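Here is what each chain is made of, one letter per residue.
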Amino acid sequence: MFINQVSVFIENRSGRLSSITKVLGDNGIDIRALSLADTTNFGILRLIVNDPKKAEKVLKDNGFTVSTTKVIAVQVEDTPGGLYKTLDCLQGANIGVEYAYAFITRKKDGAFVILRVENNEIAVEHLKDCGVNILSEDEVYSI
Amino acid sequence: MFFQKDIETMDREALRALQQERFIRTVQTVYQNVPLYHERFNSLGINPSDIRSLDDLKSLPFLTKDDFRNNYPYGLFARPMKEIKRIHGSSGTTGKPTIVGYTQNDLNNWSDMVARFISAVGVTDEDIAQISFGYGLFTGALGLHQGLEKIGCTVIPMSSGNTEKQLMMMEDMGVTVLVATPSYALYLSEVCREKGLTGKLKLRVGLFGAEGCTAEMRAKIEENLGVLATDNYGMSELIGPGVAGECEYRNGLHIAEDHFICEIIDPETGEVLPEGSTGELVVTSLTKEALPIIRYRTRDMTRITTEKCECGRTHARMAKVIGRSDDMLIIKGVNVFPSQIESVLMGIDSIGPHYHLIVTRKNFMDHLEVEVELTDASLLESYGELENLQNHITDRLRTVLGLTAQVTLVGPKSLERFTGKAKRVTDLRNT
């Protein structure tokens, strides 16, 4: 039910993001989705990849600060209001979203949203009750 | 354990009498044999025959690093070259090194001083010591080498660098004593931990010197290497390591007072400060033949106590050097020693022990940036936690230093590691 998201600490220095993507590329790791926000002097890169365990290892071996977190991936209709259904469901259960990012793919219909919430288990139960399509690990890694 | 118990536990009255006799003789020797002292005493109207007691010491002029430079290479030597058995030098960061020389007696006395402090922390002829100081002109490596051999240790002269090989030798040879700079020991200890060697080595004592080391940094080295980390003090202008060293109680460094007189002065006014005050250490040699020194300004900031130590040694103790008066940064008018910043950083989890200070000036305002390595990956969960960490470090620094520094988190292992003396400050204000 939960997806492993890889988080990497990035110094605000030119070339850092490219060096991370090089390490991943050199090790045959495919990026499914990413999110990067910046503050004044550092950033956290969040990645969904085809092999999170390997990604964490190769990044650590190359001296990066890395951690893995469980997140939820949901499929939403790629139409106006598509995301609303999911968020309204969580809102109804009083579950806060810490951050979210979306991606689409050519292989599957619809759009996908990665959600980081306060309590994964409870969120998944409610989402299921609301009829939201939750993606399994295999589904996401093989997109 | 004592190497020269009768001297190390000498009654202080008798010690003072010995110092006085040697001091008076030293003053006469330098006046007769070293032109610099002769001219300087004459120009100040000082007649060596008027120097009759230790109280007269404070009337004599200081000797500085510039005097060594201006009299390069042999100008300060008091003996003919025929009697000089060894030359050492300190690595001058600019220009020529500071050259020092030794007679056979000087070398013997120096070895005794080193043997004293290594015995005082429990090193014996059963030990196998690895010297990871760089050999060469630097007094550290050969100074320790002689002292360790004198008490019968097995000595492995590794020199610095090639960390993998250092650890291999330590493991394979069953090394029990490590000699290194604290910054190199810290680096070695980290690699040791990464390789899972912590607990597998036979190391038990670390003899760390040649640069300062905060209590926090020392604790980290001890944790990673499983050693008792001990501090000793010296510099080539004085003789090398062995001027002072810790005993097993590690409550200050016992000064070899039969060979040196130490004073603490106000670095601004040159005035001698009362016992217990923190100021610049000034050293006068009592037995040196090749290169006697009168009131050498070390630039090292410390304090001295003559209170009795539990170990039974009567020789005065100096506190760990808190910094150099010329390493002291003045930022927005506030005196800042890098060691203060180090203490703060070492006390904070989630960051590594290495740091880099960058001082800049913009629009006539000083700006201090502190770079530290983030090591705790669990904080990547949210920006809030990383910002909290940054703010926490900033707050702690403000409390200790009284000024606001910009804290920058950088990736692990992105700051430079050092195999010799560390260079952790970049001051760009006057460039």
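From a predicted model like this one, the values you see are computed outputs, not experimental measurements. (Residues numbered from 1 in each chain as written. Chains lettered and ligands numbered in written order. Predicted model: local features only at pLDDT ≥ 70, side-chain atom pairs only at ≥ 80, totals over all residues. Heavy atoms only, no water.)

Here we take up the overall build of chain A. The helix and strand tally for chain A stands at five helices and seven strands. The order of α-helices and β-strands along chain A, N terminus first, is β-α-β-β-α-β-α-β-β-α-β-α. Here chain A has a C-alpha radius of gyration of 16 Å; the compact-globule value for 143 residues is 15 Å, and the two agree. Taking all 143 residues of chain A together, 48% fall into the buried category. Look at the contacts in chain A between residues 6 or more apart in sequence, and 69% of them connect residues 24 or more apart. Total accessible area on chain A stands at roughly 7,300 Å², and carbon and sulfur atoms take up 48% of it. (Helix = DSSP H or I, 4+ residues; strand = E, 2+ residues; numbered from the N terminus. Rg over C-alpha atoms; globule rule 2.2 N^0.38 Å. Buried < 20%, exposed > 50% of the residue type's maximum accessible area, 1.4 Å probe, protein only. Contact = heavy atoms within 4.5 Å. Areas by Shrake-Rupley, 256 points an atom, 1.4 Å probe, with all protein chains shown as cover.)

With that settled, the discussion passes to the domain arrangement of chain B. Residue and element names in this part refer to chain B. Structurally, chain B comprises domain 1 (1–326) and domain 2 (329–427). Centre-to-centre separation of domain 1 and domain 2, based on C-alpha positions: 30 Å. With 20 residues of domain 1 at the contact, the number on the domain 2 side is 15 residues. Note on domain 1 versus domain 2: buried area summed over both sides is about 1,600 Å², and carbon and sulfur give 58% of it. For the domain 1 face of the interface with domain 2, the top three residues by lost area are Thr214, Glu216 and Lys220, together amounting to 26%. Our count for the contact surface shared by domain 1 and domain 2 stands at two salt bridges. The salt bridge partner of lysine 413 is glutamate 194, with a shortest N-O separation of 3.2 Å. Our enumeration of links across domain 1 and domain 2 arrives at five residue pairs in polar contact (both at pLDDT 80 or more). Residue composition of the side of domain 1 that touches domain 2, by class: eight nonpolar, six polar and six charged. (Domains from an automatic or database assignment. Buried area = accessible area lost by both parts, 1.4 Å probe. Salt bridge = Lys/Arg side-chain N within 4 Å of Asp/Glu carboxyl O. Polar contact = N/O pair within 3.5 Å; in protein donor to acceptor, adjacent residues only side chain to side chain. Nonpolar A, V, L, I, M, F, W, Y, C, P; charged D, E, K, R; others polar.)

Let's shift gears to the nonpolar core. Residues and elements named next belong to chain B. Ranked by size, the top nonpolar core spans 68 residues in total, and within it Leu144, Leu148 and Leu207 carry the most contacts. A total of seven residues in this core trace back to one element, the largest contributor, which is helix 5 (residues 104–120). Contacts of leucine 148, omitting those with residues within four sequence positions, involve Ile118, Val123, Ala129, Ile131, Cys153, Val155, Val179 and Leu207. Grouped together as the second largest cluster of nonpolar side chains are 31 residues, Leu329, Leu345, Ala377 and Val407 included. (Core = buried A, V, L, I, M, F, W, Y, C linked by side-chain atoms within 4.5 Å.)

With that settled, consider the sheet that holds strand 15 (residues 323–324) of chain B. Paired through their backbone hydrogen bonds, the strands of a sheet run either parallel or antiparallel. Residues and elements named next belong to chain B. Pairing within the open sheet is antiparallel, and its four strands lie in the order 10-11-12-15. Sheet topology places strand 10 (260–265) and strand 15 at the edges, where each strand pairs with a single neighbour. Note that strand 12 (residues 296–302) and strand 15 share two bridges and pair antiparallel. Bridge pairing links aspartate 300 to arginine 324 in strand 15. (Pairing = 2+ DSSP bridges.)

With 21 residues of chain A at the contact, the number on the chain B side is 19 residues. In this assembly, chain A packs against chain B so that about 1,600 Å² is buried in total across both faces, 57% of it on carbon and sulfur atoms. Three residues stand out in chain A for area buried against chain B, namely A:Phe9, A:Phe42 and A:Thr65, and they jointly supply 34% of the buried area on that side. Taken together, the connections running from chain A to chain B amount to one salt bridge.

Below, the discussion takes up the packing of aromatic side chains. One pass over the structure, following the stated rule, counts ten aromatic pairs over all chains. Taking 5.3 Å as the distance between ring centres and 50 degrees as the angle between the ring planes, the aromatic pair formed by B:Tyr74 and B:Phe77 counts as tilted. Taking the relative accessible area as the measure of exposure, B:Phe77 reaches 7% and is therefore buried. Pairing B:Phe133 with B:Phe138 gives two aromatic rings, centres 5.3 Å apart and planes at 85 degrees, and the pair type is edge-to-face. Relative accessible area serves as the criterion here: at 29%, B:Phe138 is assigned to the partly exposed category. In this arrangement the basic side chain of A:Arg46 is found over the ring face of A:Tyr99, its NZ or CZ atom lying 4.0 Å from the centre. (Phe/Tyr/Trp six-rings, centres within 6.5 Å; stacked < 30°, edge-to-face > 60°. Lys NZ or Arg CZ within 6 Å of the ring centre and 35° of its normal.)

The next thing to look at is helix 9 (residues 215–225) of chain B. Given 3.6 residues per helical turn, the α-helix brings residues three or four places apart onto the same face. Residues and elements named next belong to chain B. Within the span of helix 9, buried status applies to Met217, Arg218, Ile221, Asn224 and Leu225. For helix 9, the angular spread of the buried residues around the axis is 130 degrees, confining them to a single face. Away from its buried face, by an angle of more than 90 degrees, helix 9 presents the exposed residues Ala215 and Glu223. Here the buried face of helix 9 lies against strand 5 (177–180), helix 8 (182–194), strand 6 (205–208), strand 7 (228–235), strand 8 (240–246) and helix 10 (338–346). Immediately downstream of helix 9, the backbone of glycine 226 shows phi near 65 degrees, a positive value. (Arc of directions from axis to C-beta.)

Residues and elements named next belong to chain B. The element strand 2 (residues 98–102) is largely enclosed, with a buried count of five among its five residues. Side-chain alternation along strand 2 places Thr98, Val100 and Tyr102 on one buried face and Ile99 and Gly101 on a second face that is also buried. Sheet topology note: the strand 1 (residues 86–90)/strand 2 ladder contains five bridges and is antiparallel. Along strand 2, the bridge assignment pairs isoleucine 87 with glycine 101.

This part is about the domain arrangement of chain A. Residue and element names in this part refer to chain A. According to the domain assignment, chain A consists of domain 1 (2–68) and domain 2 (70–141). Contacts between the two partners involve 15 residues from domain 1, matched on the other side by 16 residues from domain 2. In this assembly, domain 1 packs against domain 2 so that about 1,400 Å² is buried in total across both faces, 61% of it on carbon and sulfur atoms. Three residues stand out in domain 1 for area buried against domain 2, namely Phe2, Ile3 and Gln5, and they jointly supply 50% of the buried area on that side. Our count for the contact surface shared by domain 1 and domain 2 stands at zero salt bridges. One can count seven residue pairs in polar contact (both at pLDDT 80 or more) joining domain 1 with domain 2. Elements with a contribution of two residues or more to the side of domain 1 that touches domain 2: strand 1 (2–11), strand 2 (31–38) and strand 3 (42–49). In terms of residue class, the side of domain 1 that touches domain 2 is made up of eight nonpolar, five polar and two charged.

With that out of the way, let us pick up unusual backbone geometry. Apart from glycine, the bulk of residues carry a negative phi angle, and the bulk of peptide bonds sit in the trans form. Residue and element names in this part refer to chain B. Between tyrosine 72 and proline 73 the backbone carries a cis peptide bond, its omega angle lying at -5 degrees. If you trace the backbone, proline 73 turns up in the loop between helix 4 (65–70) and strand 1. One non-glycine residue with positive phi stands out, namely serine 159, at about 65 degrees. Structurally, the position occupied by serine 159 is in the loop between strand 4 (154–156) and helix 7 (163–173).

A separate point is the environment of B:Asn363. Structurally, B:Asn363 can be placed in the loop between strand 18 (351–362) and strand 19 (365–374). Considered as a pair, B:Asn363 and B:Tyr249 are 114 residues apart in the sequence and their alpha carbons are 49 Å apart.

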